[in-house]
Amino acid sequence: MTHQPALSALVAKDPRIAELVEDEARRQHDKIRLIASENYVSQAVLEATGTVLTNKYSEGYAGRRYYEGQQFVDPIETLAIERAKAVFGTEHANVQPYSGSPANLAAYLAFARPGDTVLGMALPDGGHLTHGWGVSATGKWFNPVRYGVREETGRVDFDQVRDLALEHRPKLIFCGGTAIPRTIDFPKFAEIAREVDAVLVADIAHIAGLVAGGAHPSPVGHAPVITTTTHKTLRGPRGAMILSDAEHAKAVDKAVFPGLQGGPHNHTTAAIAVALGEAQQPSFAEYAHAVVANAKALAAALIERGYDLVSGGTDNHLLLIDLTGKAVAGKPAAQALDRAGIELNHNTVPFDPRKPFDPSGIRLGTSAITTRGLRPEHQPQVAAWIDRTVTAAATQSEGALDMIADEIREFLTPFPIPGYSA
Ligand code: DSN
C-alpha cells in the first residue's frame with residue numbers, strides 16, 4: 001500500500017476504489033505536476049478533510065444555525081474566519097463557498113441583479129468562465145462586457161478597461177483570472193471602478209498563496225470584495241472564501257447563505273483553518289517566494305530554448321507558452337508531456353486562431369513542485385525534459401516519451417509528497 005495513512009477500511013470494504021486512490025497517489029508522486037491550479041496539501045490538511053465533520057449539517061453562521069449540535073463546528077468555522085482575516089488583513093471573511101465558481105456567483109448575487117452589466121477579462125485572454133463568459137450562467141444571466149490584453153505586450157490593456165467601463169457603466173468589475181502570468185495592478189482597477197461607481201471584485205484564486213506569503217501585492221484596500229479558492233497556491237483543501245471590507249460583509253454573507261448555498265462543508269472548513277494556520281508560519285512566506293523564483297527560473301530556461309512565453313515571462317507562479325512556432329499544438333503537446341511524466345494543461349493564448357479545445361498553448365505553474373522541494377537550480381532540467389518531449393511530439397517520436405518518464409520518476413525519488421509512501 002502506498003497511501004498514507006493506510007486506507008485499511010477502504011481496502012476491506014471497496015478494494016476497487018482503494019486501488020484507484022492508491023494509483024492516483026503513486027501518479028502524483030511519479031510526475032512533475034505543473035498544473036498551475038494544483039498543489040500538494042499537507043498531511044494535516046489531508047487528515048482534516050477526512051474527519052467526522054463530514055457528517056454534520058450547519059446551515060447558517062456561528063451562533064445563528066438552523067440545526068442543533070454546533071458546539072464544535074462553531075469554533076472551527078470561527079477559527080477559519082479569524083485566521084483568514086489575519087492572513088489577508090481583511091475586515092470580514094466568509095469561508096463557506098463550496099469552490100471558486102460559487103464564490104463568484106455569490107458576488108453577483110450580492111452586488112448585481114440579473115441583466116446588469118458586468119466587466120470581466122475575456123477567457124482566452126486569461127479570465128475565468130464566471131467573469132461573464134458566454135457559456136457560463138454569469139454570461140447568460142448578466143450582460144457581460146470583456147476586456148483583454150494588448151497583443152504586443154500580453155498585458156492587460158487598461159485603456160480598454162477604462163473605455164469599456166465609461167461606456168457601459170458596469171455594476172461589477174472583475175480582475176484576476178486563470179492564465180495571467182503578470183502582477184495584477186489592483187490600484188489601477190480600483191481607480192477605474194471608483195470612476196464608474198462599480199464594485200471591484202478581485203478574484204485571487206490563482207495567487208492567494210502568493211498574496212498571503214507576501215510574494216504578490218495584496219488587493220486589500222483596493223478591491224472591497226475578494227474571492228478566492230483555497231486549493232491553488234494557498235495550498236488548502238478544495239474550497240473557497242470571500243474576503244471583504246465591513247461595508248460589504250452583510251451582503252456577502254446573505255448571498256452565500258441563504259442566497260446560494262445550503263450547509264457548509266464542515267470538513268473542508270476545518271481543513272481551510274488548518275491551511276490558513278500553515279499560511280501564518282514564516283515558512284509559508286519562504287514557500288511563496290520560492291514558487292515565484294522557480295517560475296522565473298523555469299521561464300528563463302524555456303526562453304533560452306526558444307519558447308515563446310506570453311508577456312515574455314512571469315511575475316508569479318504561472319507560465320503561458322505559445323507553441324505556434326514549435327510545429328505542435330497545445331493539446332498533443334500536453335498529452336505527450338503527460339505520457340513523459342510532466343503534467344500540465346493545454347490552454348488558449350491571447351488572439352489564439354485555434355479553438356479552445358485544441359488551442360495553441362500550454363499553461364504551467366510551479367506551486368506543486370515548490371511544495372515538493374524543487375528549487376531554481378532544478379528548472380533547467382525541467383525545461384530540458386519539456387523541450388525533449390515537445391520536440392518528440394512534433395516529430396512523432398513516441399519512443400522518447402517512456403524514456404523521459406523513467407528519468408523523471410528516478411529524479412523525483414528524493415522529493416517525498418504528503419499522503420504517499422513509496
Ligand atoms: N480550474 C481552474 C484553473 O485551472 O485555473 C479555474 O477554475
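What you are looking at is a predicted structure, and each value in this text was computed from that prediction instead of being measured. (Residues numbered from 1 in each chain as written. Predicted model: local features only at pLDDT ≥ 70, side-chain atom pairs only at ≥ 80, totals over all residues. Heavy atoms only, no water.)

A. View of the overall build of the protein chain. Of regular secondary structure, the protein chain possesses 16 helices and 15 strands. A compact globule built from 422 residues should have a C-alpha radius of gyration of about 22 Å, and the protein chain, at 22 Å, falls within 12% of that. Overall size of the protein chain, expressed as C-alpha extent along the three principal axes, is 60 × 60 × 35 Å. Restricting to contacts in the protein chain with at least 6 residues of sequence separation, those with at least 24 account for 72%. If you sum the accessible surface of the protein chain, you get close to 17700 Å²; carbon and sulfur atoms cover 54% of it. In the protein chain, 39 positive and 47 negative side-chain charges are present, and the distance between their average locations comes to 2 Å. (Helix = DSSP H or I, 4+ residues; strand = E, 2+ residues; numbered from the N terminus. Rg over C-alpha atoms; globule rule 2.2 N^0.38 Å. Contact = heavy atoms within 4.5 Å. Areas by Shrake-Rupley, 256 points an atom, 1.4 Å probe, with all protein chains shown as cover. Lys, Arg positive; Asp, Glu negative; His and termini not counted. Charge placed at Lys NZ, Arg CZ, Asp CG, Glu CD.)

B. Structural context of helix α8 (residues 186–196). Of the residues making up α8, those classed as buried are Phe186, Phe189, Ala190, Ile192, Ala193 and Val196. Looking down the long axis of α8, one finds its buried residues gathered within 165° of arc, a one-sided arrangement. Buried residues in α8 make contact with β6 (143–147), α7 (158–168), β7 (172–175) and β8 (199–203). (Buried < 20%, exposed > 50% of the residue type's maximum accessible area, 1.4 Å probe, protein only. Arc of directions from axis to C-beta.)

C. Here's a closer look at the site of the ligand. Taken together, Ser37, His128, Thr178, His206, Lys232 and Arg363 make up all the residues around the ligand. Between the ligand and the protein, one listed contact pairs an oxygen atom with a side-chain N or O atom of Ser37 at 2.7 Å. Between the ligand and the protein, one listed contact pairs an oxygen atom with a side-chain N or O atom of His128 at 2.8 Å. Across the complex, the protein chains shield 62% of the 240 Å² of accessible surface that the ligand would expose by itself. (Near = heavy atom within 4 Å. Polar contact = N/O pair within 3.5 Å; in protein donor to acceptor, adjacent residues only side chain to side chain.)

D. Summary view of empty space enclosed by the protein. Under the definition given, this model contains 1 cavity of 30 Å³ or more. As a volume, the largest cavity reaches approximately 70 Å³. Forming the boundary of the largest cavity are 14 residues, of which Gly177, Ile180, Ile184, His206 and Ile207 lie nearest the centre. (1 Å grid on protein atoms, 1.4 Å probe; cavity = no way out; pocket = protein on both sides within 12 Å on 5 of 7 lines; lining within 4 Å. Points joined across faces, edges and corners; volume = space filled by probe spheres on them.)

E. Main features of the sheet that holds strand β14 (residues 345–347). Strand order across the open sheet formed by 4 strands is β11-β12-β15-β14, with antiparallel pairing between neighbours. Every interior strand has two partners, whereas the edge strands, β11 (308–309) and β14, have only one. Sheet strands in contact with helix α12 (residues 282–304) are β11, β12 (318–322) and β15 (361–365), and its direction is about 20° off that of β12. (Pairing = 2+ DSSP bridges. Axes fitted to C-alpha atoms, helices over the stretch in contact; angles between N-to-C directions.)

F. Representation of the environment of Trp385. One can find Trp385 in helix α15 (residues 379–394). Beyond its immediate sequence surroundings of up to four residues, Trp385 is in contact with Ile32, Ile342, Ile404, Glu407, Ile408 and Phe411.

G. Region of interest: the sheet that holds β7. Here 7 strands make up an open sheet; going across it, the order is β4-β10-β9-β8-β7-β5-β6 and the pairing mixed. This sheet does not close on itself; its edge strands, each paired only once, are β4 (92–94) and β6. Adjacent strand axes in the sheet meet at a mean angle of 20°, parallel and antiparallel pairs treated alike. Sheet topology note: the strand β9 (residues 225–229)/strand β10 (residues 240–244) ladder contains 5 bridges and is antiparallel. Note that in β10 the partner of Thr229 across the bridge is Ala240. The sheet strands contacting α8 are β6, β7 and β8, and the helix crosses β7 at an angle near 170°.

H. Examining a nonpolar patch on the surface more closely. Taken together, the side chains of Leu10, Ile17, Leu20 and Val21 make up a nonpolar region of the molecular surface, amounting to roughly 280 Å² of accessible area. Take the nonpolar patch: its biggest share by element is 3 residues, from helix α2 (residues 15–30). Residue placement: Val21 occurs in helix α2. Exposure remark for Val21: the relative accessible area of 30% places this residue in the partly exposed category. (Patch = residues over 30% accessible without salt bridge, like charges linked within 9 Å, V, L, I, M, F, W, Y side chains within 5 Å. Salt bridge = Lys/Arg side-chain N within 4 Å of Asp/Glu carboxyl O.)

I. Main features of the pattern of salt bridges. With the rule as written, the count across this model stands at 22 salt bridges. Here Arg162 ties to Glu195 by a salt bridge, and the two come within 2.4 Å at their closest N and O atoms. One end of the pair, Arg162, is in helix α7; the other, Glu195, is in helix α8, with 33 residues separating them in the sequence. A relative accessible area of 36% means that Arg162 is categorised as partly exposed. The residue Arg305 makes a salt bridge to Asp387 at a minimum N-O spacing of 3.1 Å.

J. Seen up close, the packing of α7 against α8. At a closest axis distance of 9 Å, the pairing of α7 and α8 adopts a crossing angle of 15°. Judged by the angle between their axes, α7 and α8 are roughly parallel. Like other packed secondary-structure pairs, α7 and α8 cross with a definite hand, here right-handed. Judged by residue contacts, Phe158, Val161, Arg162, Ala165 and Leu166 of α7 engage Lys188, Phe189, Ile192, Glu195 and Val196 from α8. By residue class, the composition of the contact of α7 with α8 is 7 nonpolar, no polar and 3 charged. (Parallel < 35°, antiparallel > 145°, perpendicular 65-115°, else oblique. Left-handed = near helix turned anticlockwise from the far one by under 90°. Nonpolar A, V, L, I, M, F, W, Y, C, P; charged D, E, K, R; others polar.)

K. Seen up close, the nonpolar core. In this structure, Phe88, Ile173, Phe189, Leu234 and Met241 are the most contacted members of the largest nonpolar core, which totals 50 residues. Broken down by element, this core gets its largest block of residues, 6 residues, from α8. Each residue touching Ile173, except ones within four places of it in the same chain, is listed here: Leu119, Ala165, Phe189, Ile192, Ala193, Val196, Ala198, Val199, Leu200 and Val201. With 37 residues, the next largest nonpolar core counts Ala301, Val328, Trp385 and Ala392 among its residues. (Core = buried A, V, L, I, M, F, W, Y, C linked by side-chain atoms within 4.5 Å.)

L. The arrangement of the layout of surface pockets in detail. By volume, the largest pocket is sized at about 650 Å³. Around the largest pocket, the lining is made up of 26 residues, and of these Gln28, Arg33, Asn39, Val41 and Leu46 lie nearest the centre. The set of elements that each furnish at least two residues to the lining of the largest pocket consists of α2 and α3 (43–49). Here the lining of the largest pocket gets 5 residues from one element, more than from any other, and that element is α2. Among the residues forming the lining of the largest pocket, the class breakdown is 10 nonpolar, 9 polar and 7 charged. Around the second largest pocket, the lining is made up of 14 residues, and of these Leu123, His346, Asn347, Thr348 and Pro356 lie nearest the centre.

Geometry only, nothing functional implied.
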